[in-house]
Amino acid sequence: MLSRTLRCCTTLALMATVVSSPAASAQTVGNPTVRLAKIAIPGKPLRSFDIGWVDPANARYYLADRSNAAVDVVDTTENAVVKQITGFKGFTGNNDTSGPNGIVPVSRRELWVGDGDSLVRVVDVPTGSIMATISTGGKNRADELAYDPQHGLIVIANDADDPPFLSFIDVGSRQVVKKLEFPDATNGLEQPAFDSASGLMFQAVPESKANPGGEIAVLDDAKMAVTATYPLTDCTPHGVIVGPNHQVLVGCNVDGRTIVLDGTNGRVLADMNQTGGSDEVWFNPGENRYYLAERNAQALGIIDALTNKFVENVEAGVGAHSVAADDLNNHIFVPISAPDPACPNGCVAVFASVNGDRAGQPRNQ
């Protein structure tokens, strides 16, 4: 994700102060969100990064850190980096050939990561070592990915190849079992998301010949094929995530536009104009909220997933385009690029709603 030039910039909020994005005119609904901490990243200044992901069972947040050619491993209870997993491509000067990119855990022991050179790395979490490398057969980076545990598949996008394509990788054999091209996609592929309730995968397609405003491709992983397409208007979807009741939140890469769809038929359930310009988006079942990383406004957008109502925009910082939440303590992690005034070397900002913070919750054994 984030293959286009980042736009400039706002600064981080003052510590533990509620700040709304300058673009937000709506009043905060529900519990206001504050910044709890700033996590320093060891090594080179954090200037290039991509996706973040939280594994609540392990109390770990993983960040694709291209500046250090590593996956940063953060303890979500201590808000500190505990390890950097190396062996990735790093930043080449062009996001389309760099890595690491997308990240997803498939178990407490195994982390799958998209890398440059069309490679997928399988990381052994306890040792922090790369234990397998899989080629998707393209020329540029292997980018966003999602895990379908029902069919034992990783679905990962080569967004910068021509044409862009998805690879279906069997987790057990670590073999690519199918390549699915998107010849009508005219601006790559972005975030995929799996719905465990329906068994469907939703793939963000920013633009296509038929739908220049973008579309959501619905995949049946059993068939490894597109079974439906939900057209969008003036959206350019980058983020997509599944919420409650088969809802699919679409983060439009257009300022002031966020859409919630019925994942069963594509019907628009909500069309909001208070937040947008999103890249990665996240659903936190711990407090039933959607979080949107707004790279244009450099903000964290928040939506109530039960009512589909806008809550607030919170100032984040330079380069804010990645977001993940821990559903046990309800902490939200947003990496910030150097040289943000509040994070000169870059950092990971940690947020929580005032009444939603549940630090110290027990983890699965």
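A short tour of the structure in this document, coming up. Along every chain, residues carry numbers that run from 1 in the direction the sequence is written. Given that the model is predicted, a residue must reach a pLDDT of at least 70 before its local features are reported, and side-chain atom pairs must reach 80 or more before they are shown or counted; all residues, however, enter totals for whole chains, interfaces and linings. Only hydrogens and water are removed before side-chain values are computed, so all heavy atoms of the structure are retained for them.

1. Brief notes about empty space enclosed by the protein
Thinking step 1. Grid points spaced at 1 Å and placed over the protein atoms alone form the basis of the search, with a cavity being a set where a 1.4 Å probe fits but cannot get out and a pocket an open set showing protein on both sides within 12 Å along at least five of seven lines. Lining residues have an atom within 4 Å of a point. Grid points are joined across faces, edges and corners, and a volume is the space filled by probe spheres set on the points. For the structure shown, the criterion picks out one cavity of 30 Å³ or more.
Thinking step 2. Approximately 30 Å³ is the volume attributed to the largest cavity.
Thinking step 3. Only Asp, Glu, Lys and Arg are considered charged, only Ala, Val, Leu, Ile, Met, Phe, Trp, Tyr, Cys and Pro nonpolar, and every remaining residue, Gly among them, polar. Looking at the lining of the largest cavity residue by residue, the class counts come to five nonpolar, one polar and two charged.

2. Some thoughts on the state of the cysteines
Put plainly, a disulfide is one covalent bond tying together the sulfur atoms of two cysteines.
Thinking step 1. Counting rule for disulfides: a pair of cysteine sulfur atoms within 2.5 Å. Under the counting rule described, the total for this entry stands at two disulfides.
Thinking step 2. Between the sulfur atoms of Cys 235 and its disulfide mate Cys 252 the distance is 2.2 Å. One quick way to see it: the torsion about the S-S bond of Cys 235 and Cys 252 is about -95°, and its sign makes the bridge left-handed. Here Cys 235, found in the loop between strand S17 (225–231) and strand S18 (237–242), pairs with Cys 252, found in strand S19 (residues 247–252); they are 17 residues apart in sequence, far enough to count as distant. Like Cys 252, Cys 235 is buried.
Thinking step 3. Two residues share a disulfide in this structure: Cys 343 and Cys 347, whose sulfurs sit 1.9 Å from each other. Disulfide Cys 343-Cys 347: the torsion about the S-S bond is 65°, which places it as right-handed. Residues Cys 343 and Cys 347 agree in their burial class; the two are buried. Think of it this way: any DSSP run of H or I at least four residues long counts as a helix, any run of E at least two long counts as a strand, and we number them from the N terminus. Categorising residues by exposure relies on relative accessible area from a 1.4 Å probe, with only protein chains included: less than 20% of the type maximum marks a residue as buried, more than 50% marks it as exposed, and the intermediate range marks it as partly exposed.

3. Let's talk about the sheet that holds strand S6 (residues 103–105)
Thinking step 1. What the four strands build is an open sheet, ordered S6-S7-S8-S9; its pairing is antiparallel. Looking along the sheet, the strands with just one partner apiece sit at the ends: S6 and strand S9 (129–135). Sheet twist, expressed as the mean angle between neighbouring strand axes with direction ignored, is 20°.
Thinking step 2. As paired elements, strand S7 (residues 110–115) and strand S8 (residues 119–124) share six bridges and run antiparallel to each other. From the neighbouring strand, Leu 111 faces S8, where its bridge partner is Val 123. At least two bridges found by DSSP between two strands is the condition for calling them paired. A fitted line through C-alpha atoms represents every axis, and for helices the fit uses only the stretch in contact; the resulting angles, taken between N-to-C directions, go from 0 to 180 degrees.

4. A look at the sheet that holds strand S26 (residues 324–326)
Thinking step 1. Pairing in this open sheet of four strands is antiparallel, and the strands run S1-S28-S27-S26 from one edge to the other. Only two strands of the sheet have a single neighbouring strand rather than two, namely strand S1 (33–40) and S26. If you compare each strand with its neighbour and ignore which way they point, the axes differ by 30° on average.
Thinking step 2. Two elements, strand S27 (residues 331–336) and strand S28 (residues 347–353), share five bridges in a ladder whose sense is antiparallel. Looking at the pairing, Ile 336 lines up with Cys 347 of S28.

5. With respect to the nonpolar core
Thinking step 1. In this description, a nonpolar core means a group of buried Ala, Val, Leu, Ile, Met, Phe, Trp, Tyr and Cys residues linked to one another through side-chain atoms lying within 4.5 Å. Ranked by internal contacts, the top residues of the largest apolar core, which has 31 residues, are Tyr 61, Leu 300, Val 323, Ile 332 and Val 334.
Thinking step 2. Looking at this core, the element that brings in the most residues is S28, giving five residues.
Thinking step 3. If we ignore the near neighbours within four places in the chain, the residues touching Val 334 are Leu 300, Ala 316, Ala 320, Ser 322, Val 323, Cys 347, Val 348, Ala 349 and Phe 351.
Thinking step 4. Grouped together as the second largest cluster of nonpolar side chains are 26 residues, Ala 193, Leu 249, Leu 261 and Met 272 included. The contact criterion used throughout is that any non-hydrogen atoms of two residues lie within 4.5 Å.

6. Quick notes on the pairing of S9
As a general feature of sheets, a regular strand has side chains that alternate between the two faces.
Thinking step 1. The pairing of S8 with S9 spans six bridges and is classified as antiparallel. What sits directly across from Val 122, in S9, is Ala 132.
Thinking step 2. Hairpin connection of S8 to S9: four residues between the antiparallel strands, including Gly 128 at a positive phi of 70°.

7. A few points about the layout of surface pockets
Thinking step 1. The space that makes up the largest pocket amounts to roughly 780 Å³.
Thinking step 2. In terms of lining, the largest pocket is formed by 29 residues, of which the most central are Trp 53, Tyr 147, Phe 194, Ile 241 and Trp 282.
Thinking step 3. Among the elements of the structure, strand S2 (49–55), S6, strand S10 (145–148), strand S14 (192–195), S18 and strand S22 (278–284) are those that each provide at least two residues to the lining of the largest pocket.
Thinking step 4. Considering each element in turn, the lining of the largest pocket owes the most residues, four residues, to S14.
Thinking step 5. Split into classes, the residues belonging to the lining of the largest pocket amount to 20 nonpolar, six polar and three charged.

8. As for the pattern of salt bridges
Thinking step 1. Throughout this description, the term salt bridge denotes a Lys or Arg side-chain nitrogen within 4 Å of a carboxyl oxygen of Asp or Glu. Following the criterion strictly, the structure yields twelve salt bridges and no others.
Thinking step 2. Residue Asp 75 pairs with Arg 60 through a salt bridge whose shortest N-O separation is 3.5 Å. Pair noted here: Asp 75 is in strand S4 (residues 70–75) and Arg 60 is in strand S3 (residues 60–65), with a separation of 15 residues, a long-range link.
Thinking step 3. Residue classification places Asp 75 among the buried positions, given a relative accessible area of 12%.
Thinking step 4. For Arg 60, a relative accessible area of 22% puts it in the partly exposed group.
Thinking step 5. In this structure, Asp 271 and Arg 257 form a salt bridge, with 2.8 Å as the shortest nitrogen-oxygen distance. Note that Asp 271 is positioned in strand S21 (residues 268–272) and Arg 257 in the loop between S19 and strand S20 (258–262), a separation of 14 residues in sequence.
Thinking step 6. For Asp 271, a relative accessible area of 45% puts it in the partly exposed group.
Thinking step 7. Arg 257 sits in the buried class, given a relative accessible area of 18%.

9. Some words on the packing of aromatic side chains
Thinking step 1. Ring pairs are drawn from Phe, Tyr and Trp, using the six-membered ring of Trp, whenever the two centres fall within 6.5 Å, and their geometry is named by plane angle: stacked under 30 degrees, edge-to-face over 60, tilted for the rest. Counted according to the given criterion, the structure contains three aromatic pairs.
Thinking step 2. Considering the side-chain rings of Trp 53 and Trp 282, the 4.8 Å spacing of their centres and the 70° angle between planes classify their relative orientation as edge-to-face. Here Trp 282 lies in strand S22 and Trp 53 lies in strand S2, a separation of 229 residues in the sequence.
Thinking step 3. A relative accessible area of 21% means that Trp 53 is categorised as partly exposed.

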